[in-house]
Amino acid sequence: MEHLLYSDGNAKRISWTIKTENDQRDQFRDHADIYLDKVTNLQSKYIALHVGLFWSIGVFIIKNGDTVRILLDSDEMINHLSSDITSGDQMLEHKKGFINQLGTQRNLKFIYEKINTADNSASKFL
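So, a few notes on the structure that sits alongside this text.

Parameters at a glance
- Residues numbered from 1 in each chain as written.
- Predicted model: local features only at pLDDT ≥ 70, side-chain atom pairs only at ≥ 80, totals over all residues.
- Heavy atoms only, no water.
- Axes fitted to C-alpha atoms, helices over the stretch in contact; angles between N-to-C directions.
- Helix = DSSP H or I, 4+ residues; strand = E, 2+ residues; numbered from the N terminus.
- Parallel < 35°, antiparallel > 145°, perpendicular 65-115°, else oblique.
- Left-handed = near helix turned anticlockwise from the far one by under 90°.
- Contact = heavy atoms within 4.5 Å.
- Nonpolar A, V, L, I, M, F, W, Y, C, P; charged D, E, K, R; others polar.
- Salt bridge = Lys/Arg side-chain N within 4 Å of Asp/Glu carboxyl O.
- Buried < 20%, exposed > 50% of the residue type's maximum accessible area, 1.4 Å probe, protein only.
- Expected span 1.5 Å × (residues − 1).
- Arc of directions from axis to C-beta.
- Core = buried A, V, L, I, M, F, W, Y, C linked by side-chain atoms within 4.5 Å.

### Observations concerning the packing of helix H1 (residues 41-58) against helix H3 (residues 90-105)
And step 1. Taken N-terminus to C-terminus, the directions of H1 and H3 make an angle of 20°; their axes are 10 Å apart at the nearest point. When the axis of H1 is compared with that of H3, the two are roughly parallel. Here H1 runs over H3; the crossing is left-handed. Together, Leu42, Gln43, Tyr46, Ile47, Leu49, His50, Leu53, Phe54 and Ile57 of H1 and Met91, Leu92, Lys95, Phe98, Ile99 and Leu102 of H3 make up the contact between the two elements.
And step 2. Here the residues of the contact of H1 with H3 are counted per class, giving 12 nonpolar, 2 polar and 1 charged.

### Digging into the pattern of salt bridges
Between side chains of opposite charge, a pair can form as their charged atoms come close.
And step 1. According to the stated counting rule, one finds 7 salt bridges in the structure shown.
And step 2. For Arg13, the salt bridge identified is with Asp30, shortest N-O distance 3.2 Å. One end of the pair, Arg13, is in strand E2 (residues 13-20); the other, Asp30, is in strand E3 (residues 23-30), and 17 residues separate them in sequence.
And step 3. Notably, a salt bridge pairs Glu113 with Arg69, separated by 2.1 Å at the nearest N-O pair. Of this pair, Glu113 sits in strand E5 (residues 109-114) while Arg69 sits in strand E4 (residues 67-72), placing them 44 residues apart in sequence.
And step 4. Under the relative-accessibility criterion, Glu113 is labelled partly exposed at 27%.
And step 5. Among the charged side chains, a salt-bridge network with shared partners connects Glu2, Arg69 and Glu113.

### Some words on H1
And step 1. With 18 residues, H1 extends 25 Å from end C-alpha to end C-alpha; this agrees with the ideal 26 Å at 1.5 Å per step.
And step 2. Remark: Phe60 follows H1 within two positions and exhibits a positive phi of approximately 65°.

### Section: H3
And step 1. An ideal rise of 1.5 Å per residue puts 22 Å on 16 residues; H3 measures up with 22 Å between its terminal C-alpha atoms.
And step 2. Restricting attention to buried positions, one finds in H3 the residues Met91, Leu92, Lys95, Lys96, Ile99, Leu102 and Gly103. Looking straight down H3, one finds its buried side chains confined to an arc of 135°; they lie on one side. Along H3, exposed side chains directed more than 90 degrees from the buried face belong to Gln90, Thr104 and Gln105.
And step 3. Where H3 is buried, its residues meet H1, helix H2 (75-81) and E5.

### Observations concerning the nonpolar core
Nonpolar side chains in soluble globular proteins generally cluster together in the buried interior.
And step 1. Counting residues in hydrophobic clusters, the biggest one holds 28 residues, and the most contacted among them are Leu53, Leu81, Phe110 and Tyr112.
And step 2. No other element matches H1, which puts 8 residues into this core.
And step 3. Apart from the residues lying within four places of it in its own chain, the contact partners of Leu81 are Tyr46, Leu49, Leu72, Lys96, Ile99 and Tyr112.

### Things to note about the environment of Ile111
And step 1. Along the polypeptide, Ile111 turns up in strand E5.
And step 2. Not counting residues within four places of it along the chain, the set of residues in contact with Ile111 comprises Thr67, Val68, Arg69 and Ile70.

Quick look at the structure:
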């Protein structure tokens, strides 16, 4: 099955939207205290993607072997996540590792696609 995953974040909150066929789930959370007002917007976007992916697996929306189209409004994220490029930011490297680990453990196919910020369904929850 194929899913569309949108995610976004800022210094205070993360959000994600997962669309599958005719179903859509929107979620948002305030940052945990360890991140609240302590992360950049880019770091928050990585946290949102990681948590959104993990949540979607945990509530059985994404299942083993599924395809996940990860729709991002950041060229930097797409370049980093879809290649062997490394970042100087240790948090981004950790999140990339967790995201890739989920993909490997669950035999998921990730397809990274660039979208315009205005088309990011998750942004409205920030």
